[in-house]
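One letter stands for each residue in the lines below.
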Amino acid sequence: MRAPITVQFNRPLAAVALTVAAVVSGVAPAAAHPVKPGTPSPGKPSPGVPRAGAPKEPPAAMSTLGGEQLGRPGPQTGEGAPALPTGLSALSWMVSDADTGQVLAANNAHWPLPPASTLKMLFADTVLPAVPGTASHKVEPAELTGMGDGSSAVGIVPGQTYLGADLWRGVFLRSGNDAVHVLASMNGGVPKTVTDMQAKADALGAKDTHVRSPDGYDAEGQVSSAYDLTLFLRSGLRNKDFKEYCATADAKFPGGPNTKGKPFGISNTNRMLSGIGGVPKYPGLIGGKNGYTTHAGNTLAEAATRDGHTILVTVMNPQENKHDKVYTETRALLDWGFTAVGKAKPVGTLDALKPTPAPKPVGTAATKTDSSGMGVLGWTGIGAGAAVAVGVAYAVLKRRPEKRRRV
């Protein structure tokens, strides 16, 4: 999401860093300028993703990973499900039970669409184990190059030293692409991080996801799906640091020259968590990640808990042009999920790659059987009988006169 914030940049240092990076890469530098949070990214549309104003229809064939119904277009619910909320306009959405992995309802769950900053959940799933909150790092100017024009930023200052925890709060609260790029550098660089993220997505079973940038900025071919983003959120909630960061509504961020070194306050751009912008906080909300770019529209993944259940909802690109529509649709689907859990027959599962447990052996250890159904003792008896038969046959043949063989 783009929200106006005070960003601290050293223009001369930024210009030098951009020029140096361009010389190394052999690409002409763009005009040096501070990142302007609040400006939507122009970006490039992903292949197969319609531009604004074009008809928006799901692919004729979508993945059925997790269940056959998840590959069907349009809203999908199971037997016993209550009526879906009215007014849902998102191109894709999904409601799941985090604990059981059951998908309670979905709409074009496997439609590959631009994810915007919700892809930062996959970034955190991938990089958090390598860059903990206790890590310390002095930011080099070159680490702040390569961000897309208009990227959201928390206000990192080149030459200043930050703790990993500060950088992660910059990612989760302010969706700071500057924080992402510094953390990616600490992880070995942006190219390595993109490769690591793709490997993590594949390991989680997120087969609709193709990673091109670590921050979710619009990039050619970069897509994900409601199913995959839900996998990223569910995986992240198993990490205590991820869960803490995504649940933080407000924090202090280290200051720089513009604040005379004094920390400044930052609020989470996830409005259902922070309550900013006139969006009411959602009761029981754990947190999640929001995003926005020109081609992705608004995207949002949230987790909330109530009565011992944790419901996950992912919403991608609401089409109705109303203020904070992504939040009202997510809120309605969370409410629906808590009503449906335990009553509605699931339409799929998040555990598609979970190995099926091997069947238990039949009988006791003394009468263990193999796939033929013949007990161990049975095979032992047959083996002994066969040995006796071979011995008898050999004795008989030895007594018969040997015939001459032609050679």
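In the nomenclature of an unreviewed UniProt entry, the chain is known as D-alanyl-D-alanine carboxypeptidase family protein of Streptomyces noboritoensis.

Turning our eyes to something else, we now look at the overall build of the chain. Of the regular secondary structure elements, the chain holds 10 helices and 11 strands. Across the 407 residues in the chain, those meeting the buried criterion constitute 49%. For the chain, contacts bridging at least 24 residues in sequence account for 69% of all contacts bridging at least 6. Taken as a whole, the chain presents about 19,300 Å² of accessible surface, with 58% of it coming from carbon and sulfur.

This part is about the packing of helix 2 (residues 120–127) against helix 4 (residues 177–186). One can describe the packing of helix 2 onto helix 4 by two numbers: an axis separation of 12 Å at closest approach and a directional angle of 25 degrees. Classed by the angle they form, the pair helix 2 and helix 4 counts as roughly parallel. The interaxial crossing formed by helix 2 with helix 4 has left-handed handedness. Facing helix 2, whose interface residues are K120, F123 and V127, helix 4 presents N177, V180, L183 and A184. Residues of the contact of helix 2 with helix 4, tallied by class, amount to 5 nonpolar, 1 polar and 1 charged.

This paragraph deals with the packing of helix 2 against helix 6 (residues 226–236). Packing of helix 2 against helix 6 leaves a shortest axis separation of 9 Å and a crossing angle of 40 degrees. Considering the angle they form, helix 2 stands oblique to helix 6. Note that helix 2 runs across helix 6; the crossing there is left-handed. Here M121, L122 and D125 of helix 2 lie close against helix 6, whose contacting residues are L229, F232, L233, S235 and G236. Its residues placed into classes, the contact of helix 2 with helix 6 shows 5 nonpolar, 2 polar and 1 charged.

What follows is about the environment of A303. If you trace the backbone, A303 turns up in strand 9 (residues 297–306). Distance from A303 to L233, taken between C-alpha atoms, is 7.9 Å for residues 70 residues apart in sequence. If we skip the residues at most four places from it in the chain, A303 touches L233, L237, G284, L285, I286, G287, I311 and L312.

The next point concerns the packing of aromatic side chains. Counting across every chain of the model gives 6 aromatic pairs. These aromatic residues form a ring-pair network of at least three members: F123, W168, F172, F242 and Y245.

Now for the pattern of salt bridges. Within this structure, the stated rule accounts for 10 salt bridges. Taking the shortest distance from any N to any O, the salt bridge between D351 and R234 comes out at 2.7 Å. With D351 in the loop between strand 11 (348–349) and helix 10 (376–399) and R234 in helix 6, this residue pair connects regions lying 117 residues apart in the sequence. Exposure remark for R234: the relative accessible area of 8% places this residue in the buried category. Between R306 and D335 there is a salt bridge whose closest N-O contact spans 3.7 Å. Remark: D335 occurs in helix 9 (residues 325–340) and R306 occurs in strand 9; sequence separation between them is 29 residues. Since its relative accessible area comes to 29%, R306 is described here as partly exposed. D335 sits in the partly exposed class, given a relative accessible area of 34%. Through salt bridges with shared partners, a single network forms among E320, K322, K325 and E329.

With that settled, consider the nonpolar core. Of all hydrophobic cores here, the largest spans 62 residues; its most connected members are I156, W168, F172 and F242. Counting 25 residues, the second largest nonpolar core, distinct from the first, contains L300, V315, Y327 and W336.

Burial analysis of helix 3 (residues 164–174) places 10 of its 11 residues in the buried class, the great majority of the element. Within the span of helix 3, buried status applies to G164, A165, D166, L167, W168, G170, V171, F172, L173 and R174. At the C-terminal side of helix 3, S175 shows a positive phi close to 55 degrees.

Taking burial as the measure, the 9 residues of strand 8 (residues 285–293) include 8 buried ones, the bulk of the element. Judged from the 8 bridges that link them, strand 8 and strand 9 form a sheet pairing that is antiparallel. Paired with T293 across the bridge in strand 9 is G297. Between strand 8 and strand 9, which pair antiparallel in sequence order, lie 3 residues.

Reading guide: rules and limits
- Residues numbered from 1 in each chain as written.
- Predicted model: local features only at pLDDT ≥ 70, side-chain atom pairs only at ≥ 80, totals over all residues.
- Heavy atoms only, no water.
- Helix = DSSP H or I, 4+ residues; strand = E, 2+ residues; numbered from the N terminus.
- Buried < 20%, exposed > 50% of the residue type's maximum accessible area, 1.4 Å probe, protein only.
- Contact = heavy atoms within 4.5 Å.
- Areas by Shrake-Rupley, 256 points an atom, 1.4 Å probe, with all protein chains shown as cover.
- Axes fitted to C-alpha atoms, helices over the stretch in contact; angles between N-to-C directions.
- Parallel < 35°, antiparallel > 145°, perpendicular 65-115°, else oblique.
- Left-handed = near helix turned anticlockwise from the far one by under 90°.
- Nonpolar A, V, L, I, M, F, W, Y, C, P; charged D, E, K, R; others polar.
- Phe/Tyr/Trp six-rings, centres within 6.5 Å; stacked < 30°, edge-to-face > 60°.
- Salt bridge = Lys/Arg side-chain N within 4 Å of Asp/Glu carboxyl O.
- Core = buried A, V, L, I, M, F, W, Y, C linked by side-chain atoms within 4.5 Å.
- Pairing = 2+ DSSP bridges.

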